[in-house]
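A structural walkthrough
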Amino acid sequence: QVQVVESGGGLVQPGGSLRLSCTASGSIFSINAMGWYRQAPGKQRELVASVTNRGITDYADSVKGRFTISRDNAKSKNTMYLQMNSLKPEDTAVYFCNAEGMTMALTSYGSWGQGTQVTVSS
């Protein structure tokens, strides 16, 4: 089993910054990719940013130039970050972390966190 836990959400004023963290743990053999998704009320979940184990990143057009995704691949630190700058009210959503890879039993997994609320409001 692979567990994913997010942290770092909160309330911030427009133009402010937040840093989200996500840590994967459990029976992990490899993490091929990690990603941040968000879901606003009444809308579908959408990809915000992703990063592969080779460091290849991808961003939604709406966050390019404002958000930065990064990973800490040091031993036993399966952690990913999302630095969010110049936040806008439309960035308000529940942010979810996803991790995909192989377990120690060499089966594939795709695990989601419980989500963390980000609210951008004055």
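The shown structure was predicted, so the numbers you read here are calculated from the model rather than taken from an experiment. (Residues numbered from 1 in each chain as written. Predicted model: local features only at pLDDT ≥ 70, side-chain atom pairs only at ≥ 80, totals over all residues. Heavy atoms only, no water.)

1. Quick word on the side chain of Arg 66
Turning to its location among the elements, Arg 66 is positioned in the loop between β6 (57-59) and β7 (67-72). In this structure Arg 66 comes out as buried when scored by relative accessible area, which is 11%. In this view, Arg 66 contacts Gln 83, Met 84, Asn 85, Ser 86, Leu 87, Lys 88 and Asp 91; residues no more than four positions away in its chain are not counted. (Helix = DSSP H or I, 4+ residues; strand = E, 2+ residues; numbered from the N terminus. Buried < 20%, exposed > 50% of the residue type's maximum accessible area, 1.4 Å probe, protein only. Contact = heavy atoms within 4.5 Å.)

2. Overview of the state of the cysteines
By the definition in use, this model includes one disulfide. Here Cys 22 engages in a disulfide with Cys 97; their sulfurs sit 1.9 Å apart. Between Cys 22 and Cys 97, the S-S dihedral sits near -70 degrees, and the bridge is therefore left-handed. Of this pair, Cys 22 sits in strand β3 (residues 18-26) while Cys 97 sits in strand β9 (residues 93-103), placing them 75 residues apart in sequence. Judged by relative accessible area, Cys 22 falls into the buried class, the value being 0%. The exposure class assigned to Cys 97 is buried, which follows from its relative accessible area of 0%. (Disulfide = S-S within 2.5 Å.)

3. A look at the nonpolar core
Counting residues in hydrophobic clusters, the biggest one holds 31 residues, and the most contacted among them are Trp 36, Leu 82, Met 84 and Tyr 95. Mapped onto this core, the elements with two or more residues apiece are β1 (2-7), β3, β4 (28-39), β5 (46-52), β7, β8 (79-84), β9 and β11 (116-120). Excluding anything up to four places from it in sequence, Leu 82 contacts Leu 18, Arg 19, Leu 20, Trp 36, Val 48, Ala 49, Phe 67, Thr 68, Ile 69 and Tyr 95. (Core = buried A, V, L, I, M, F, W, Y, C linked by side-chain atoms within 4.5 Å.)

4. Some remarks on unusual backbone geometry
The backbone of Ser 86 shows a phi angle near 50 degrees, a positive value even though the residue is not glycine. Position of Ser 86 relative to the elements: it lies in the loop between β8 and β9. At Leu 106, a residue that is not glycine, the phi angle is positive and equals roughly 60 degrees. With respect to the helices and strands, the residue Leu 106 is situated in the loop between β9 and β10 (108-112). Accessibility expressed as a relative area gives 54% for Leu 106, which makes it exposed.

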